[in-house]
Amino acid sequence: MSMHTLAGAMLTAMIATQGAAAVAAAVAIDYGYNDGGANVQVVQAGFTEGSLPKAYGNPASMTTAVSPVFGGVSYPVDVTVLDQGGDMESRNRAAVSGTSLDDVHRDFVAARADMAVTISGLPTGVYQWTAYHNDGTGSWGNTEIAAKIGTTTLYTSKSSIESGATDDASIGTSRFTFNATEGQDVVVDLDFLNPPPSGNPLGPPLNGLTLERLVAASVIAIDYGQTGQAVQPGFTEHSLPNISGNGLSATTSVTAAMPGSPSVDVTVTSDPVNEQIETRNRTPAVSGTTLNDVYSDFFASRAGHLSITLSGLTMGRYQWTGYHNDSGSGFFGTADLSVEIDGTPVDSLVSTHQLATNDWAIGKSFFTFDVAPENDIVIDFYRSSGNAIALNGFQLDLMVVPEPSSLLLSVLGLLGLAVLAYRRRRSQD
Ligand SMILES: [Ca+2]
Ligand SMILES: [Ca+2]
Ligand SMILES: [Ca+2]
Ligand SMILES: [Ca+2]
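Basis of the calculations
- Residues numbered from 1 in each chain as written.
- Chains lettered and ligands numbered in written order.
- Predicted model: local features only at pLDDT ≥ 70, side-chain atom pairs only at ≥ 80, totals over all residues.
- Helix = DSSP H or I, 4+ residues; strand = E, 2+ residues; numbered from the N terminus.
- Buried ≥ 20, exposed ≤ 12 C-beta atoms within 10 Å, placed from the backbone.
- Contact = placed C-beta atoms within 7 Å.
- Pairing = 2+ DSSP bridges.
- Axes fitted to C-alpha atoms, helices over the stretch in contact; angles between N-to-C directions.
- pLDDT = per-residue confidence, 0-100.

**Q** What's the story with the overall build of the chain in this structure? I'm lost.
**A** When you go through the chain residue by residue, the secondary structure sums to four helices and 28 strands. Within the chain, buried positions represent 43% of all 429 residues. Sequence-distant contacts, at least 24 apart, represent 74% of the contacts inside the chain between residues at least 6 apart.

Listed below in structure tokens is the structure:
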């Protein structure tokens, strides 16, 4: 076994050990209500608790200390939540069930005004912010918010007022990437997008947040649609005529924007029997979202199965974000979907079908997967109810694999032994 092959096998083993579903974010905080007495929030496994008493004053801030590990080094990072004019409060609600982060989604901190989250101590890099904004009773959060860094709006969302959400897609979620520079704080403002209602405005709940480090954001981005579609800037076009044939495989080749610039084939396949890939470009286009030209057109399957094969990705951990929206009649968006990777369930979602005017309302699929050398990845979408599967497009981010220190050290140790063995053998040649 060559040195290169051995190192590859070791890293593959490390990735396989961690598993595709077991993603530990670099920073994960579960916000909620803890008065030290009768009210103690249930903290999500793997998350750091960030709790406040029910009413915490005005102005008020709370800092949670965390210790992400990058490159074998533990960094002291502080995450501070600050209210900007209203009372800082917290609530624990009845359990949310059926989502991947039930114990995060059931409790929150919130302000009756804008909030700011300051992140101090991150090393230089590209990070992905994911935060949840859900009140199971619907009292808090009935307003649109904008997440900004400086004057740049990174995400707009309508905080969820769903009661009893039973799937991840129904939870209000803000997600964007940002660059951090060592020694500089990152301040994320969660601002009312529209003037808050008069009287006693209740602000956006913040259930929790995660930060993950990326090697590169949006290494592949594809906009699916009908021939003649408006293509989103930064996305690769993949268009087909209105109705293509049964069992069609349609491939587009893209150069991934990541180290090594690998060429990746992305193939969309429909059921081989009694199925066709249909396409639509909707008018008017979706407006008011960050990816209007992605959301307004799509590939679709009525038979209940659509498959995506990725060939040529280099080894690593990737995050998929897919979009599932029919902004026209809604017909193709009215389906519950389940997702499998290489036959293993990874996600389920309820697709939305409205003329969405904010990113929150667009149906999305989120999951991560690991690529071993030379392996194709097959992602299957199945319709569990409803009319049809719509796929507007997707993005892949290349992630930094989380570092469970003991596992990493053991792998580095094995690699060290391998290097020694290799050198010893070379010296004997
Ligand atoms: Ca909790
Ligand atoms: Ca929470
Ligand atoms: Ca488009
Ligand atoms: Ca599209």
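**Q** Please explain the pairing of strand S7 (residues 88–92) as it appears in this structure.
**A** For a regular strand, side-chain orientation follows a simple rule: the groups alternate between the two sheet faces. Within S7, four of the five residues are buried, leaving the element largely enclosed by the surrounding structure. Of the pairings in the sheet, the one linking S7 to strand S8 (residues 107–111) comprises five bridges and is antiparallel in character. Across the sheet, the residue bridging to Arg 91 is Phe 108, located in S8.

**Q** Looking at this model, I keep getting lost on the sheet that holds strand S26 (residues 377–386). Mind explaining?
**A** Two modes of strand pairing occur in sheets, parallel and antiparallel, and in both the strands are linked by backbone hydrogen bonds. A sheet is described by the order of its strands in space; here six strands give the open sequence S17-S18-S21-S26-S23-S24, paired in antiparallel fashion. This sheet does not close on itself; its edge strands, each paired only once, are strand S17 (249–255) and strand S24 (344–350). Averaged over all neighbouring strand pairs, the angle between strand axes comes to 20°, with direction disregarded. Bridge analysis of strand S23 (residues 335–341) against S26 gives seven bridges, and the strand direction is antiparallel. Pairing of Ile 341 across the sheet is with Ile 379, part of S26.

**Q** Explain the confidence of the model for the chain here, please?
**A** Close inspection of predicted coordinates is inappropriate in any region flagged by low pLDDT. Considering every residue of the chain, the mean pLDDT works out to 83; 83% of them sit at 70 or more. Predicted confidence is poor over residues 1–23, with pLDDT under 50, and the contacts of this stretch with residues over four places away or in other chains come to 27 contacts. Contacts for the low-pLDDT stretch residues 405–429, under 50 throughout, to residues beyond four places or in other chains number 13 contacts.

**Q** Got a minute to help me understand the sheet that holds strand S27 (residues 389–391) in this structure?
**A** Taking strand neighbours across the sheet as the criterion, the three strands line up as S19-S20-S27 in an open arrangement whose pairing is antiparallel. The open sheet has two free edges, formed respectively by strand S19 (277–281) and S27, since each of these has just one partner strand. Put simply, the sheet's adjacent strands are angled 30° from each other on average, direction ignored. Direction of pairing for strand S20 (residues 297–301) relative to S27: antiparallel, over a ladder of three bridges. Residue pairing in the sheet places Ala 300 in a bridge with Ala 390 of S27.

**Q** Honestly, the environment of Val 187 in this entry has me stumped. Any pointers?
**A** As for its position among the elements, Val 187 is in strand S14 (residues 186–192). On the basis of neighbour counts, which here come to 15 C-beta atoms within 10 Å, the residue Val 187 falls in the partly exposed class. In sequence terms Val 187 and Ser 120 are 67 residues apart; their C-alpha atoms lie 8.7 Å from each other. Excluding anything up to four places from it in sequence, Val 187 contacts Ala 116, Thr 118 and Ile 149.

**Q** Would you explain the environment of Arg 383 in this entry?
**A** Checked against the element boundaries, Arg 383 lands in strand S26. Residue classification places Arg 383 among the buried positions, given that 20 C-beta atoms sit within 10 Å. With residues up to four places along the chain from it excluded, the contact list for Arg 383 reads Gly 304, Ala 335, Leu 337, Ala 388 and Ile 389.

**Q** Quick question: what am I supposed to make of the pairing of strand S6 (residues 77–83) here?
**A** Sheet analysis places strand S3 (residues 61–66) next to S6, joined by six bridges and oriented antiparallel. If you follow Thr 64 over to S6, its bridge partner there is Val 79. Bridging between S6 and strand S9 (residues 115–120) involves six bridges; their strand directions are antiparallel. Pairing of Asp 78 across the sheet is with Ser 120, part of S9.

**Q** Honestly, the environment of Thr 177 in this entry has me stumped. Any pointers?
**A** Looking at the secondary structure, you find Thr 177 in strand S13 (residues 173–180). The sequence separation of Thr 177 and Gln 128 amounts to 49 residues, and the corresponding C-alpha distance is 4.2 Å. If we skip the residues at most four places from it in the chain, Thr 177 touches Val 126, Tyr 127, Gln 128, Leu 214 and Ala 217.

**Q** Got a minute to help me understand unusual backbone geometry in this structure?
**A** For residues besides glycine, phi is generally negative; the peptide bonds are generally trans as well. Positive phi outside glycine occurs at Ser 218, with the angle close to 50°. On the secondary structure map, Ser 218 appears in strand S15 (residues 208–226). Not every positive phi belongs to a glycine, and Asp 342 is a case in point at roughly 45°. The topology assignment puts Asp 342 in the loop between S23 and S24. Residue classification places Asp 342 among the partly exposed residues on the basis of 13 C-beta atoms within 10 Å.

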